[in-house]
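Take a look at the letters that make up each chain.
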Amino acid sequence: MSHKKIHLCLAHMSGNEQRFIDEAFADNWVVPLGPNVDAFEDELKKYLTEGNPDAANKEIAAVSAGTAAIHLALVLLGVGKGDEVICQSFTFAASANPVTYQGAVPVFVDSESASWNMSPELLDHAIADRVAKTGRKPKAIIVVHLYGMPAMMDEICAVAAKWEIPVIEDAAEALGSVYKGKKCSTLGTYGILSFNGNKMITTSGGGALVCPDMESKKRCVFFSTQAREPFPYYQHEHIGFNYRMSNICAGIGRGQMTILEEHIAHHRKLAALYQELFAGSDNIMFHSDPTTDSQSNYWLNTILINTNKTGVTPEDIRLHLQSLNVETRPLWKPMHLQPVYANAPAYVNGVSELLFTQGLCLPSGPWVTPDDVKMIVSEIKKCVND
Ligand SMILES: *Cc1c(COP(=O)(O)O)cnc(C)c1O
């Protein structure tokens, strides 16, 4: 092991974070509200909605995690005990778990093979089948832009509109990704973002709910600050949560906003290099934007390995790269294959299962250099005899 460890995606500071934190300390705003929270929300709003008149009414609520943002979206949409919520199966468990927190049942829908996200056809079929079986419509649809790759939102939203079901866009991995000229997280009824340590930017842990209007943002803030009614004493008429973002974390977020564009450009530059170096290979397929409608942020760069032809599995490659101090990871294990969701209804077509058995995530973050990418690609090619 001659060289430094190469990680999938590590946090990277701009140097401006400390200033915003120092200001918060100087003014004693060490609480879950304050000037950094307000400014971070404003900066996110500008970034996500500028130049998009369809998103002009959107408002951002900064919260303690992406998971909390999904939970709040479900609360605001009135999802409760016994309801069903459709969720993309090919995702991280945090997309689905808040459905369970609400006592509702996730219904998993498989992916299409172009973007790897929810299949619109299967979504339509799943809704029709749920209505036939239960007599009720699912209460919401959670679609994910996995690895930053935009889902087929026009088709998904058309199905959702036909059935009049709201869409929650899980853009935890897709800050900066663009679909038909619009930023991911602004395309659904609600959108969620994550600022966990491994995401496109970090607040050391945090998230945001992209709300359709000011009224829903106010409801979001109400529920994320313990649902206190406007009385001089504490009166509660709803069950609330302690989900607001702290003014310190928001200070980190403001610092990170100053290098967001730089981070995205770096991820895309590495993606272009991976794509170029894997081009023409029969054994490795690099996952890139399927059409010009989408511009992924390439949060994580991903490949599929032709295991049938080569006899080489993602695990073989993972272990080889691990021996060289390079971190890689299998693609997300679909929710319908997770033991904890064994009893949840699922509408599957084999796509996500195939992705799980043949795919691998490659180093992609701000600390990864073009030379690292060249070394990684050459080692993978050795594994598959390219
Ligand atoms: C990270 C992530 C989440 C959860 O975000 P946290 O901020 O970690 O709670 C949700 N969905 C997806 C797809 C994610 O990758």
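This text gives an overview of the structure that appears in the document. The residue numbering used here restarts from 1 in each chain and proceeds along that chain's sequence as written. In keeping with the predicted nature of the model, local features appear solely for residues at pLDDT of at least 70, side-chain atom pairs appear and are counted solely at 80 or more, and the whole-chain, interface and lining totals rest on all residues. Values reported for side chains reflect all heavy atoms of the structure, with hydrogen atoms and water molecules removed beforehand.

**Side note on the site of the ligand**
Here is step 1: Close to the ligand lie 15 residues; Thr67, Asp170, Glu173, Ser194 and Lys199 are nearest.
Here is step 2: Interatomic distance of 2.7 Å between a side-chain N/O atom of Ser194 and an oxygen atom of the ligand.
Here is step 3: Within the side chain of Asn196, an N or O atom sits 2.9 Å from an oxygen atom of the ligand.
Here is step 4: Every accessible area reported is derived by Shrake-Rupley at a probe size of 1.4 Å, with residue values counting cover from the shown protein chains alone. Protein burial of the ligand: of its 380 Å² of free accessible surface, 94% is covered by the chains.
Here is step 5: Each residue belonging to the shell around the ligand can be placed in one class, and the counts come to 5 nonpolar, 7 polar and 3 charged. Here a residue is near a molecule or strand as soon as one of its heavy atoms is found within 4 Å of it. Polar contacts, as used here, are pairs of N or O atoms within 3.5 Å; protein pairs need one atom able to donate a hydrogen and one able to accept it. Residues neighboring in sequence count only if both atoms are side-chain atoms. Nonpolar residues are Ala, Val, Leu, Ile, Met, Phe, Trp, Tyr, Cys and Pro. Charged residues are Asp, Glu, Lys and Arg, and all others, Gly as well, are polar.

**A short note on the pattern of salt bridges**
Here is step 1: Any carboxyl oxygen of Asp or Glu within 4 Å of a side-chain nitrogen of Lys or Arg constitutes a salt bridge here. Considering all chains together, one arrives at 17 salt bridges under this definition.
Here is step 2: Here Lys162 makes a salt bridge to Asp124, at a shortest N to O gap of 2.9 Å. Of this pair, Lys162 sits in helix α6 (residues 153-163) while Asp124 sits in helix α5 (residues 120-134); the two residues are 38 residues apart in sequence, bridging distant segments of the chain.
Here is step 3: Across the pair Asp371 and Lys374 runs a salt bridge whose closest N-O atoms are separated by 3.9 Å. One end of the pair, Asp371, and the other, Lys374, are both in helix α13 (residues 370-383), 3 residues apart, so they sit about a helical turn from each other.
Here is step 4: Since its relative accessible area comes to 43%, Lys374 is described here as partly exposed.
Here is step 5: When salt bridges with common partners are traced through the structure, they connect Glu41, Lys217 and Arg244 into a single cluster. Here a helix means four or more residues in a row that DSSP labels H or I, a strand means two or more in a row labelled E, and each is numbered from the N terminus. Note on classification: 1.4 Å probe, protein chains only; a residue is buried when its accessible area is under 20% of the maximum for its type, exposed when over 50%, partly exposed between these limits.

**Some thoughts on the packing of helix α3 (residues 66-76) against helix α7 (residues 214-224)**
Here is step 1: Contact geometry of α3 with α7 gives a least axis separation of 10 Å together with a crossing angle of 115 degrees. Taken as axis vectors, α3 and α7 run roughly perpendicular relative to one another. Crossing hand, α3 versus α7: right-handed. Of α7, the residues touching α3 (which contributes Leu72, Val75 and Leu76) are Ser216, Arg219, Cys220, Phe223 and Ser224.
Here is step 2: Here the residues of the contact of α3 with α7 sort into 5 nonpolar, 2 polar and 1 charged. For every element, the axis is a line fit to its C-alpha atoms; helices are fit only across the contacting stretch, and the angle between N-to-C directions ranges from 0 to 180 degrees. Put simply, angles under 35 degrees are roughly parallel, angles over 145 are roughly antiparallel, angles from 65 to 115 are roughly perpendicular, and the rest are oblique. By convention, the crossing between two helices is left-handed when the near helix turns anticlockwise from the far helix through less than a right angle, and right-handed when the turn is clockwise. The criterion used for residue contact is that any of the two residues' heavy atoms lie within 4.5 Å.

**Topic: the packing of aromatic side chains**
Here is step 1: Two rings from Phe, Tyr or Trp (for Trp, the six-membered ring) form a pair when their centres sit within 6.5 Å of each other. Planes less than 30 degrees apart are called stacked, planes more than 60 degrees apart edge-to-face, and all others tilted. Applying the stated criterion across every chain, the model contains 13 aromatic pairs.
Here is step 2: Consider the rings of Phe286 and Tyr298, whose centres lie 6.1 Å apart with planes at 20 degrees: the pair is stacked. With Phe286 in strand β10 (residues 284-286) and Tyr298 in the loop between β11 (294-295) and β12 (301-305), the pair connects residues that are 12 residues apart, well separated along the chain.
Here is step 3: Classification of Tyr298 by relative accessible area gives buried; the value is 9%.
Here is step 4: In this structure an aromatic cluster arises from ring pairing among Phe90, Phe92, Trp116, Tyr147 and Trp332.
Here is step 5: Residue placement shows Lys183 over the ring face of Tyr47; its charged tip is 4.1 Å from the ring centre.
Here is step 6: Over the ring of Trp299 we find Lys199; its NZ or CZ atom is 5.9 Å from the centre of that ring. We call a charge positioned over a ring when the NZ of a Lys or the CZ of an Arg lies within 6 Å of the ring centre and within 35 degrees of the ring normal.

**Observations concerning the pairing of strand β1 (residues 59-63)**
Here is step 1: For β1, the buried fraction is high: 5 of the 5 residues fall into the buried class.
Here is step 2: By the alternation rule, side chains of β1 split into Glu59, Ala61 and Val63 and Ile60 and Ala62, which are all buried.

**Topic: the packing of helix α9 (residues 260-278) against α13**
Here is step 1: Direction vectors running N to C along α9 and α13 enclose 30 degrees, while the axes themselves pass 10 Å from each other. Here α9 is positioned roughly parallel relative to α13, judged by the angle of their axes. Between α9 and α13 the crossing geometry is right-handed. Across the interface between the two elements, Lys269, Leu270, Leu273, Tyr274, Leu277 and Phe278 of α9 pack against Pro370, Val373, Lys374, Ile376, Val377, Ile380 and Lys381 of α13.
Here is step 2: Split into classes, the residues belonging to the contact of α9 with α13 amount to 10 nonpolar, no polar and 3 charged.

**Let's talk about the environment of Trp163**
Here is step 1: Within the secondary structure, Trp163 is located in helix α6.
Here is step 2: Linking Trp163 and Asp124, residues 39 residues apart in sequence, is a C-alpha distance of 8.6 Å.
Here is step 3: Non-local contacts of Trp163, meaning those with residues more than four positions away in its chain, are made with Asp124, Ile127, Ala128, Val131 and Lys137.

**A closer look at the sheet that holds strand β3 (residues 105-109)**
Here is step 1: Across the sheet, 8 strands lie side by side as β1-β9-β8-β5-β4-β2-β3-β14; this open sheet has mixed pairing. In this open sheet, the two strands that pair with only one neighbour each are β1 and β14 (346-347).
Here is step 2: Two strands pair when backbone bridges link them, and strand β2 (residues 84-88) and β3 are joined in this way by 5 bridges, in the parallel orientation. Pairing of Cys87 across the sheet is with Phe108, part of β3. Pairing between strands is defined by DSSP: at least two bridges between them are needed.

**Here's the deal with the pairing of strand β15 (residues 359-362)**
Here is step 1: The two faces of β15 match: Gly359 and Cys361 on one face and Leu360 and Leu362 on the other face are all buried.
Here is step 2: Note: β12 against β15, 4 bridges, orientation antiparallel. Across the sheet, residue Asn301 finds its bridge partner in β15, namely Leu362.
Here is step 3: Direction of pairing for strand β13 (residues 329-330) relative to β15: antiparallel, over a ladder of 2 bridges. The residue bridging Pro330 from the neighbouring strand is Leu360, located in β15.

**What to know about the nonpolar core**
Here is step 1: For this analysis, a nonpolar core means a set of buried residues of the types Ala, Val, Leu, Ile, Met, Phe, Trp, Tyr and Cys, connected via side-chain atoms within 4.5 Å. Counting 59 residues, the largest nonpolar core has Ile86, Leu123, Tyr147, Leu175, Leu193 and Phe195 as the members making the most contacts within it.
Here is step 2: Ranked by size, the runner-up nonpolar core spans 35 residues in total, among them Val63, Ile70, Tyr190 and Phe223.

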